[in-house]
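Structural overview for review
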Amino acid sequence: MTTGKKQTQVRLEEEVLAAGKAAAAARRLDFNKYVERLIIEDTTGARAAGMAAAQRLIDDHGMFLDDLEQQLDAPYAEPRPGAAA
């Protein structure tokens, strides 16, 4: 039974490989599937569309998101009485 997949070899710097494996693990993917998804997203325009959508969200709602972030961080910004410094 043939899967139709081809094997290839790439050479990566150790740090790049480690970062890729960590990113794959964070997404609960094996490294091969992670690389495959990156290539598909890059070559089909899906990645660019996602980045454009994210930028539109920031452009349209950036001030709201900044305010929300400040509100969520506020309880942790000032030391509480009796808390270790």
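Coordinates for the structure precede this section.
Throughout this description, residue numbers start from 1 for each chain and increase along the sequence as written. Thresholds applied to this predicted model are a pLDDT of at least 70 for local features of residues and 80 or more for the giving and counting of side-chain atom pairs; totals over whole chains, interfaces and linings are not thresholded and use all residues. To obtain the side-chain values, all non-hydrogen atoms of the structure were included, while hydrogens and water were left out.

**Thoughts on the overall build of the chain**
- We count a stretch as a helix when DSSP gives it H or I for four or more residues in a row; a strand needs E for two or more, and each element gets its number in order from the N terminus. When its secondary structure is counted, the chain shows 3 helices and 0 strands.
- Listing the helices and strands of the chain from first to last along the sequence gives α-α-α.
- As defined in this context, the radius of gyration uses C-alpha atoms, and a globule is described by 2.2 Å times the residue total to the power 0.38. Relative to the globule expectation of 12 Å for 85 residues, the C-alpha radius of gyration of the chain, 21 Å, shows a markedly less compact shape.
- Viewed in the frame of its principal axes, the chain has a C-alpha envelope of about 65 × 35 × 25 Å.
- Taken across its 85 residues, the chain has 7% of its residues classed as buried. Only protein chains enter the accessibility calculation, which uses a 1.4 Å probe; a residue whose area is less than 20% of its type maximum is buried, one above 50% is exposed, and one in between is partly exposed.

**Things to note about the pattern of salt bridges**
- Should a side-chain nitrogen of Lys or Arg be within 4 Å of a carboxyl oxygen of Asp or Glu, the pair is scored as a salt bridge. Tallied over the full model, the rule gives 2 salt bridges.
- In this structure, Lys5 engages Glu36 in a salt bridge whose closest nitrogen and oxygen atoms are separated by 3.5 Å. With Lys5 in the segment before helix H1 (14-26) and Glu36 in helix H2 (residues 31-44), this pair connects stretches of sequence that are 31 residues apart.
- Note on Lys5: relative accessible area 59%, which makes it exposed.
- Glu36 serves as the salt-bridge partner of Lys33, at 3.0 Å between the closest nitrogen and oxygen. Residue Lys33 and its partner Glu36 are both found in helix H2; the two are separated by 3 residues, about one turn of the helix.
- Taken together, the shared-partner salt bridges in this structure form one network comprising Lys5, Lys33 and Glu36.

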